[in-house]
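Descriptive structure summary
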Amino acid sequence: MVKASYLFIVAIYLGLASAQTFRVCVPPSVPKSVCEGLAKDNSNAVCQEATSSLECALKMSTFQSDISYFSPEETILFGFHQPNWFRVVATVRDTAKLDPYSFEAVAVVPVGHTDGFEGLRGGVYCHPGFDQADVKWSPRVRKTLENLAARTDHCEVNTDTTGKTSEEIEIDTLSQFFSAGCRPGTWSYSDAEDADLKNRYSNLCSRCGPNSDCSRYTIDMGSSVSGVNNDIRHIQALECLRTNSQNTPAVAYVAWDYVREYFTLRNPQQASSFAVLCSNGLTVPLNATNLADSISPCALVRQPWATIIASPNVASNVLNNMRTWWPNGSKPSGDTWQANLFTALTGGTSSAQVVFENFPVFPINYTRGIRVIPERRETCITPRNWCTTSADELVKCFWVRQASHILGLQPPITCVRKNNVFECLNDIRNSNAADFMSLDSNYGYLARVLYGLGPVKLVQNAAADTAKIAAFVKESAIGTISNFEQLRGKKACFPEFGGLANMAFVRTGQEVGVLSTAQCDYARAIGEFFSGGCAPGATDSSHAIGANSTFDASVLCSTCKYTTTPASNQVCSFDDINLYVGNKGAVACLADAENDVAFLDIRDISSNLAAAGLQANQIRALCRNNQLAATAGINVDNSCLLAHVVDAEVVTRRSDPMLTAVRGLLEKLDAFFGYTAANQLINLEIFSPFNTKSDLLFKDSAIGFTDPSPVSAHEPAKNYMELFDHLDKCTYSASGATAVHQRA
Ligand SMILES: *[C@@H]1O[C@H](CO)[C@@H](O)[C@H](O)[C@H]1NC(C)=O
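Summary of the structure given here. Not measured: the values here are computed from a predicted model. (Residues numbered from 1 in each chain as written. Predicted model: local features only at pLDDT ≥ 70, side-chain atom pairs only at ≥ 80, totals over all residues. Heavy atoms only, no water.)

Glancing now at the sheet that holds strand 24 (residues 648–653). The strand order 16-24-17-25 describes an open sheet built from 4 strands, whose pairing is antiparallel. Since the sheet does not close on itself, it has two edges, and those belong to strand 16 (437–440) and strand 25 (702–706), each with one partner. The sheet shows a mean angle of 40° between the axes of neighbouring strands, direction not considered. Of the strand pairs in this sheet, strand 17 (residues 453–461) and strand 25 are connected by 4 bridges, and their pairing is antiparallel. Note that in strand 25 the partner of Leu458 across the bridge is Thr706. Its contacts with the sheet place helix 16 (residues 421–429) against strand 16, strand 17 and strand 24, and it is angled at close to 130° to strand 16. (Pairing = 2+ DSSP bridges. Helix = DSSP H or I, 4+ residues; strand = E, 2+ residues; numbered from the N terminus. Axes fitted to C-alpha atoms, helices over the stretch in contact; angles between N-to-C directions. Contact = heavy atoms within 4.5 Å.)

Encoded structure:
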């Protein structure tokens, strides 16, 4: 902060001294032509492209950018997370709606309703829907009424949360509170769970109409009335209320604009039979006067507008300039830089109208009077703790956590910082303030055997990013080595002990019959088969793949080479002191005359060969079917690979009662911050570099999740699960003789 305020003073000083060119940060949703159009004529603005709106915020917070557009939920996020840093200089409204709020969500009840929210118990619940299609309502907004009425965010003391998602617990509570209703749309981002919940809690779908699948309303809307669109869910929810409010309590939770439309144009004669239910539990009857007002008598949620936000050092200057660029707050005509700037800063709606603030205000000062997001409080499922291994990763985690909190995604996320993957695995195992992390599939075996963890989700990759493990022998040795049996007693190179390549060899060795399937001590299996080699980490306790093994794996360190003479604790280390560590090291190890075979991931093999001074035609793959590849070289068929699997998975404790809840959380993160998220409420890209730093929380190669199922439709995921078949049999076999890896 000391540094920031120093910059602040300098920047103001420079700002007065010279004509200013403002750096406008734009996310990818802004077309290139608009960005380029900022530079026309004597422009005062220059376009800066960013990978997301959140990256724009980060650039602004370090004075690398000056201005950007932010959505309503993003504005709320800054009010919450950086409450008095940025400055709101204007709001972006709609020419047809200049009200102070972008929407208001209200509860409409029959006029005789008594007893506040508790009075809704046993009644009918009419909701506009839980689809991504309604882009403006976050889950938090959608669930506000049910939280107030049924306390769906709280657990009864005896609620069993084991093996359940937050959705299941919420819906269960809701279904007990309301007797009937229609709450159409997506309840869970897992298709299977969604269908299951709608089946088990069908009372919450009972008023959607015939054959609706609970995906939408199919009720008879009667004849249409000019000015009212019967296809709009909010209008349908009001019709659901009207037709279901005779003898039971009933409520429709809808946007105020549609209440006005419904009761002034469509059913004016019935307006006086209904009222809005306020957060204090009192009702205000509808009448011609309050229906004529664009602001509701009382709302359960009021939403701020999108904003134009500037860094503190330039905010006043920006605001003064804006008044000259866009004198009446609308888009200037012509293809001028001012017009392009308007487009770049108003979120792409053609009917945008900018309303200037009187002076620059903190985001919290703008949002405070409109919508306040409560701080975290006790939730049904306790927060799940994400393990991170660097300061940058921790920062990304914090933003994901805050954005999820603003949107109301459950269970809540917390973030913890550790120094490396093994500390994380250890803390997850011990439930020591860490619950889950995305893990390189290279560590899949160690996570399972040594740490007792299991997959919640596998990470999907684009084809080029999957892990591909192959075995290579030297072309010069062909004749003496042409199958796996002939590798017995030879010396082998592995990128890392217990890693993917190491274990792919075990699996292939069992398949081709050179390793016994009765041997569950994999360290012994490998160490007795080869006479030596280099498998970095083989003597380190963090890599002990036979947890109860008495085998001395140091034989697998016999040919390692080091940058300098290693200290005793550096022998066989799995860091850069060991010249043969990793895929690059495994190639160097093979180039060493002493060694005979290398098992490694073939991504990046060309550059690794070059570094080791090997030609591609000096090596040949030994395939999974126990035969040499037809020709020398590094172009290896998928069928020849020893493993072709995903490059990462999300792990947690194998039998954790909250495993299902973490699965549900990841599905929501994908739905709201992943590549398939349409119309993001908060533009944070969870699988992309963050603030230009790669591989934080997830590798950049991740494109989504898939279930850890042996019948997964994603081939590398299916292969990955198969890779652990033998391990699972060893670990979970009823026969005591082979169950050597079972850990409490
Ligand atoms: C924000 O609000 C506080 C409290 O009302 C006020 O003291 C402060 O001057 C405001 N500042 C800005 C920049 O909005």
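Moving on: the pairing of strand 9 (residues 274–277). Here strand 9 shows no split at all, with Phe274 and Val276 on one side and Ala275 and Leu277 on the other all buried. The pairing of strand 5 (residues 103–110) with strand 9 spans 4 bridges and is antiparallel. Directly across from Val109, in strand 9, lies its bridge partner Ala275. Inspection of the sheet shows strand 9 paired to strand 10 (residues 283–285) by 3 bridges, in the antiparallel sense. Within strand 10, the residue paired with Leu277 across the bridge is Thr283. From the end of strand 9 to the start of strand 10, which pair antiparallel, there are 5 residues, and Gly281 there has a positive phi angle of about 90°. (Buried < 20%, exposed > 50% of the residue type's maximum accessible area, 1.4 Å probe, protein only.)

Let us now look at the state of the cysteines. Evaluated as defined, the whole model comprises 14 disulfides. Each sulfur in the disulfide pair Cys278 and Cys298 lies 2.0 Å from the other. Note on the Cys278 and Cys298 pair: the S-S dihedral is about -85°, so by sign convention the disulfide is left-handed. Of this pair, Cys278 sits in the loop between strand 9 and strand 10 while Cys298 sits in the loop between helix 11 (288–292) and strand 11 (301–303), placing them 20 residues apart in sequence. Note that Cys493 is cross-linked by a disulfide to Cys589, the S-S spacing being 2.1 Å. Classification of the bridge connecting Cys493 and Cys589 rests on its S-S torsion, roughly -75°, and on that basis the disulfide is left-handed. Of this pair, Cys493 sits in strand 19 (residues 491–493) while Cys589 is found in helix 20 (residues 582–591), placing the two residues 96 residues apart along the sequence. Exposure remark for Cys493: the relative accessible area of 0% places this residue in the buried category. Given the relative accessible area of 0%, Cys589 is considered buried. (Disulfide = S-S within 2.5 Å.)

Near the ligand you find Pro360, Val361, Phe362, Asn365 and Arg368, and these make up its full shell. When the ligand sits alone it has 360 Å² of accessible area, and the protein chains cover 44% of it. For the shell around the ligand, the secondary-structure elements that each account for two or more residues are strand 13 (352–361) and helix 14 (363–368). (Near = heavy atom within 4 Å. Areas by Shrake-Rupley, 256 points an atom, 1.4 Å probe, with all protein chains shown as cover.)

What follows deals with the environment of Ala447. Position of Ala447 among the secondary structure elements: in helix 17 (residues 444–449). What makes Ala447 buried here is its relative accessible area of 0%. When the C-alpha positions of Ala447 and Thr550 are compared, they lie 20 Å apart, and in sequence the two are 103 residues distant. Not counting chain neighbours up to four residues away, the residues in contact with Ala447 comprise Leu425, Leu439, Gly452 and Leu453.

The next subject is the packing of aromatic side chains. Taken as a whole and assessed by the stated rule, the structure comprises 33 aromatic pairs. A ring pair is formed by Tyr189 and Phe672, whose centres lie 5.9 Å apart and whose planes are at 85°; its orientation type is edge-to-face. Linking Tyr189 in the loop between strand 7 (180–182) and helix 8 (191–200) with Phe672 in helix 22 (residues 659–673), this pair joins segments that are 483 residues apart in sequence. Residue classification places Phe672 among the buried positions, given a relative accessible area of 5%. Look at Phe698 and Phe705: their rings are 5.5 Å apart centre to centre, the planes differ by 65°, and that puts the pair in the edge-to-face class. Members of the aromatic cluster, each reached through a chain of ring pairs, are Trp386, Phe436, Tyr675, Phe687, Phe698 and Phe705. Here Arg183 stacks its cationic end above the ring of Phe130, 3.9 Å away from the centre of that ring. Geometry around Phe724 places Arg448 over its ring, the cationic atom sitting 3.7 Å from the centre. (Phe/Tyr/Trp six-rings, centres within 6.5 Å; stacked < 30°, edge-to-face > 60°. Lys NZ or Arg CZ within 6 Å of the ring centre and 35° of its normal.)

The next subject is the pattern of salt bridges. Summed over the entire model, instances satisfying the criterion amount to 40 salt bridges. Two residues, Arg524 and Asp521, come together in a salt bridge whose shortest N-O distance is 3.9 Å. Residue Arg524 is classed as partly exposed on the basis of its relative accessible area, which comes to 24%. For Asp521, a relative accessible area of 10% gives the class buried. Ionic pairing is found between Asp592 and Lys561, a salt bridge with its closest N-O pair at 3.1 Å. Of this pair, Asp592 sits in the loop between helix 20 and strand 21 (597–601) while Lys561 sits in the loop between strand 20 (532–534) and helix 20, and the two are 31 residues apart along the sequence. For Asp592, a relative accessible area of 16% translates into the label buried. If you follow the salt bridges from partner to partner, you end up with Glu193, Lys457, Arg663, Glu667 and Asp707 in one network. (Salt bridge = Lys/Arg side-chain N within 4 Å of Asp/Glu carboxyl O.)

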